[in-house]
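# Structural features, examined
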Amino acid sequence: MKKKFQQIFYDMRRRPVITGITLTGTAAAVFLFMVFVMMQAVETMPFAPESCRDRIMYGRYIETAWPGAERMMSGSLNFDQAAEIYGDLEGVEKMCNLDGWADTEDAVGPTGTISQVTSRRVDSGFWDIFDFTLIAGRYFTADEVEAGMMVTVIDSSSARRFFGSAEEAPGKMLDIVGENYRVTGVVEDVSPLATQTYGQVYLPLSRIHNFNSGDVALLVKKGVTRESLQRQVERRYDALNARRDTAEEGIYIYHGQPYDQKTVSGPVYSNWTPETPAVDWTTILVCVILLVVPAINLSTMLGSKIQSSIAEYGIRRAYGCTRSRIFADIVAENMILTLIGGIIGITLAILFVYNSGSLFAFVGDSAEASVRPPLSLLLKWQVVALALGACLVLNLLSACIPAWKAARTAPVDAITARNR
Amino acid sequence: MPEITLKGISKVYRTKEIETTALDNVNLDINHGEFVSIMGPSGCGKSTLLNIIGLLDTPTAGTVGIAGITAAGMSDTRLAHFRNEHLGFVFQNFHLIPSLSVYDNVELPLTYRSSIGAKERRERVEAVLERLGISHRIKHFPSQLSGGQCQRVAIARAIVGKPSIILADEPTGNLDSAMGEEVMELLHSLNRDDGLTVVMVTHNEAHARGTDRTIRFFDGRIIS
Ligand SMILES: Nc1ncnc2c1ncn2[C@@H]1O[C@H](COP(=O)(O)OP(=O)(O)OP(=O)(O)O)[C@@H](O)[C@H]1O
Ligand SMILES: [Mg+2]
């Protein structure tokens, strides 16, 4: 193995131009591929506080229609509807109410600082489903929410802005649109890319102060499918409709709830059944093109590199190397080069994506012009695995044909070939 | 029984316009332990013949028998293993692998033999380099060696696997006369002391005279 590396580095030094171009080409290919993938993945990849994205589903909106009449009505769930439709579903571990929309409001701190904050209303179960990091104080409790107490959990930037530091904030009062809230705790800042949970101040969502519950979030047990929940929810709709005076109250129209992360990352309307995005062929096509095009170039380059030292492969054959081993050696050698290029590419991609937040301005409804994705998201093993996968594909695409050609060349032709 | 048996060997190269007959019905037996030289004008088919004996090339017609096997119909893998165990090659322009050190170049044939462990490989490579007097160049790369040294390394590589036959195509062609003599002396010693069969193509009458038998070629045929 050590020898293999020595040889590869010798070859790299001997042909600095080809090596340079190969590395640059590989790095560029992996860079583009990864930036593209990251832009796609940010909508569905789990990251704190939405670390359980693949197990969280949302009950959102309800539509009521009056059969035979033109009348219909749709919008947020109220607390009763939320409980009757989504409460105690089989396969659900936890449930909470939360407002799907964040608001922008004026807040005034003790020193008179006025500043706009993004607020989101949530109940106490919210803190159990989403993995926020508490850095001071505590979350507000179910009792506090039910009693309609004016309490709030704020993020650390807001804590610094209004109170100087996170440690200072708990117990202090914060004026939000004219109401005085007591801060119970401070959490680490949340990226606006966490579209379902982003906020700077979290306010209690309770029957006392709010008419609607907004949405519900369901944390389902491992292995429970969306379909099994859909079947249950649809039965709940039927059961509710059976009890309703349809002419007077209308009937509930089922729209495929609950929605998974992939669905809520797309457009969701209150009177519409959102399409569950199936296999996204456009994305796959772009990914393929992003790998195939550079692979063709790399392949040509590798081909000429091999041809220029084809005699070496003839000699190896003469001394007992088999065709398959020639093939495997070339692919393996090229893999190492591709990996080096790939590591450069993925590093650049992470740095680039991390530092150019405007890439993600399209995500969610955040008004932020620039959204820095959390580093934890970019450094996930899935991202690295995908980059390695891209390298592997790139390597196989680019190395197979030249390696096959080299392995196929008869030893005598390889040995006697003039160094072209 | 002869170690190498060529029966009715022909080799014809066909391209769109021309057909070249490199070998024309060659019959030849070479005995075990013989040192045979092949001579003839340029283009008469000497290298072609050597490559066919070395199982690097296949004849258009005829059969090749070497060390008890018949080459026809052997799979690539079996051919590779056979070459690895029985044949050693020496070329006019050395054909060392430039990215490998002297040690690694010589070790090459052994790395394709799974039956030999790392320790034994090292011992054998070191012994061969010692014998050829190039131990002090073990870490050098081919580009750092003289022509004579390169050919010694190439010979070391040819014999490290303990083959029974050495095939040498103008081994002194790129060397000055003193170096050439040294290489000839080495080949003779391998033939004499180790009992190797040596088949050598040469343009040098004097070198040919020193061998057991000289086969003369003209236009793809043996003329004497
Ligand atoms: N791959 C090939 N395609 C077409 N013709 C070939 C090929 N290889 C060899 N020849 C022809 O076959 C003939 C014999 O070639 P070969 O290399 O065996 O000659 P040689 O006796 O070794 O010559 P030299 O002394 O110059 O090395 C030549 O006419 C050569 O042009
Ligand atoms: Mg020749």
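Quick caveat, the model's predicted, so the values are computed rather than measured.

Cut-offs used in this document
Residues numbered from 1 in each chain as written. Chains lettered and ligands numbered in written order. Predicted model: local features only at pLDDT ≥ 70, side-chain atom pairs only at ≥ 80, totals over all residues. Heavy atoms only, no water. Helix = DSSP H or I, 4+ residues; strand = E, 2+ residues; numbered from the N terminus. Rg over C-alpha atoms; globule rule 2.2 N^0.38 Å. Buried < 20%, exposed > 50% of the residue type's maximum accessible area, 1.4 Å probe, protein only. Contact = heavy atoms within 4.5 Å. Lys, Arg positive; Asp, Glu negative; His and termini not counted. Charge placed at Lys NZ, Arg CZ, Asp CG, Glu CD. Phe/Tyr/Trp six-rings, centres within 6.5 Å; stacked < 30°, edge-to-face > 60°. Lys NZ or Arg CZ within 6 Å of the ring centre and 35° of its normal. Domains from an automatic or database assignment. Near = heavy atom within 4 Å. Polar contact = N/O pair within 3.5 Å; in protein donor to acceptor, adjacent residues only side chain to side chain. Areas by Shrake-Rupley, 256 points an atom, 1.4 Å probe, with all protein chains shown as cover. Buried area = accessible area lost by both parts, 1.4 Å probe. Salt bridge = Lys/Arg side-chain N within 4 Å of Asp/Glu carboxyl O. Axes fitted to C-alpha atoms, helices over the stretch in contact; angles between N-to-C directions. Parallel < 35°, antiparallel > 145°, perpendicular 65-115°, else oblique. Left-handed = near helix turned anticlockwise from the far one by under 90°. Nonpolar A, V, L, I, M, F, W, Y, C, P; charged D, E, K, R; others polar. Pairing = 2+ DSSP bridges.

### Quick notes on the overall build of chain B
A count of helices and strands for chain B gives 7 helices and 10 strands. For 224 residues, the compact-globule estimate of 2.2 N^0.38 gives 17 Å, and the C-alpha radius of gyration of chain B, at 17 Å, lies within 12% of that figure. For chain B, the C-alpha atoms occupy an extent of roughly 50 × 40 × 40 Å along the three principal directions. Within chain B, buried positions represent 55% of all 224 residues. Put simply, of all contacts in chain B between residues at least 6 apart along the chain, 71% involve residues at least 24 apart. Considering chain B, the positive charge centre built from 23 side chains and the negative charge centre built from 26 side chains are found 3 Å apart.

### What to know about the packing of aromatic side chains
Tallied over the full model, the rule gives 16 aromatic pairs over all chains. Taken together, a centroid distance of 5.1 Å and an interplanar angle of 75° make the contact between Trp127 of chain A and Phe132 of chain A edge-to-face. Given the relative accessible area of 9%, Phe132 of chain A is considered buried. Taking 6.2 Å as the distance between ring centres and 10° as the angle between the ring planes, the aromatic pair formed by Phe89 of chain B and Phe91 of chain B counts as stacked. Each member of the pair Phe89 of chain B and Phe91 of chain B is classed as buried. Taken together through their ring pairs, the aromatic side chains of Phe126, Trp127, Phe130, Phe132, Tyr139, Phe140 and Tyr202 of chain A make up a single cluster. For Arg60 of chain A, the ring lying beneath its charged end belongs to Tyr58 of chain A, and the centroid distance is 5.7 Å. The ring of Trp66 of chain A has Arg71 of chain A sitting right over it, with the charged end atom 3.9 Å from the ring centre.

### Quick word on the domain arrangement of chain A
Under the domain assignment used here, chain A contains domain 1 (2–48 + 280–415), domain 2 (61–95 + 215–258) and domain 3 (101–209). Computed over C-alpha atoms, the centres of domain 1 of chain A and domain 3 of chain A are 45 Å apart.

### Details of the site of ligand 1
Residues and elements named next belong to chain B. The environment of ligand 1 is made up of Tyr13, Thr20, Ala22, Ser42, Gly43, Cys44, Gly45, Lys46, Ser47, Thr48, Glu170 and His203. The contact in question runs from an oxygen atom of ligand 1 to an N or O atom on the side chain of Ser42, over 2.5 Å. In the model, an oxygen atom of ligand 1 is placed 2.7 Å from a nitrogen or oxygen of the Ser47 side chain. For ligand 1, whose accessible area on its own is 630 Å², the fraction buried by protein is 63%.

### Re the interface of chain B and chain A
The partner chain A presents 21 residues to the 29 residues of chain B that form the contact. Interface of chain B and chain A: buried area, both sides summed, is about 2200 Å²; carbon and sulfur atoms make up 59% of it. Contact with chain A buries surface across chain B, with Leu56, Ser99 and Tyr112 of chain B losing the most and accounting together for 28% of the total. At the boundary of chain B with chain A, the tally comes to 1 salt bridge. Between Asp76 of chain B and Arg317 of chain A there is a salt bridge whose closest N-O contact spans 3.0 Å. Taken together, the connections running from chain B to chain A amount to 9 residue pairs in polar contact (both at pLDDT 80 or more).

### Some remarks on unusual backbone geometry
Residues and elements named next belong to chain A. For the peptide bond that leads from Ala48 to Pro49, omega is 0°, which places it in the cis range. Of note, Pro49 is situated in the loop between helix H2 (16–41) and strand S1 (56–59). In this structure, the amide linkage connecting Gln257 to the following residue, Pro258, adopts the cis form with an omega of 0°. Positionally, Pro258 belongs in the loop between strand S14 (251–253) and helix H9 (261–264).

### A word on the packing of helix H11 (residues 310–318) of chain A against helix H12 (residues 323–355) of chain A
Residue and element names in this part refer to chain A. Where H11 meets H12, the closest approach of the two axes is 10 Å, and the angle between their N-to-C directions is 140°. When the axis of H11 is compared with that of H12, the two are oblique. Considering how the two elements wind past one another, H11 and H12 form a crossing that is right-handed. Listed contacts from H12 to Tyr313, Arg316 and Arg317 of H11 are Arg323, Ile326 and Ile330. The class makeup of the residues in the contact of H11 with H12 is 3 nonpolar, no polar and 3 charged.

### Thoughts on the sheet that holds strand S1 (residues 4–14) of chain B
Residues and elements named next belong to chain B. Read from one edge to the other, the open sheet built from 4 strands follows the order S2-S1-S4-S5, with strand pairing classed as antiparallel. Only two strands of the sheet have a single neighbouring strand rather than two, namely strand S2 (19–30) and strand S5 (69–70). In this structure, S1 lies alongside S2, joined through 8 bridges in antiparallel fashion. Bridge assignment links Ile4 to a residue of S2, and that residue is Ile30. Sitting on the sheet, helix H1 (residues 46–53) touches S1, S2 and strand S4 (61–66), and the angle it makes with S1 is about 125°.

### Some words on the environment of Ser398 of chain A
Residues and elements named next belong to chain A. Locating Ser398 in the fold gives a position in helix H14 (residues 381–408). The spacing of Ser398 and Leu291 is 107 residues in sequence and 9.7 Å in space, taken between C-alpha atoms. Every residue in contact with Ser398, bar those within four places of it in the chain, is listed here: Ala295, Leu298, Ser299, Leu302 and Asn334.

### What to know about the pattern of salt bridges
On inspection of all chains with the given rule, the structure shows 22 salt bridges over all chains. For Arg138 of chain A, the salt bridge identified is with Glu144 of chain A, shortest N-O distance 2.7 Å. With a closest N to O distance of 2.7 Å, Arg221 of chain B and Asp24 of chain B form a salt bridge. Residue Arg221 of chain B is located in strand S10 (residues 221–222), and its partner Asp24 of chain B is located in strand S2; the two are separated by 197 residues in the primary sequence. On the basis of relative accessible area, Asp24 of chain B is assigned to the partly exposed category, the value being 24%. One salt-bridge network, held together by shared partners, links Glu185, Arg192 and Asp193 of chain B.

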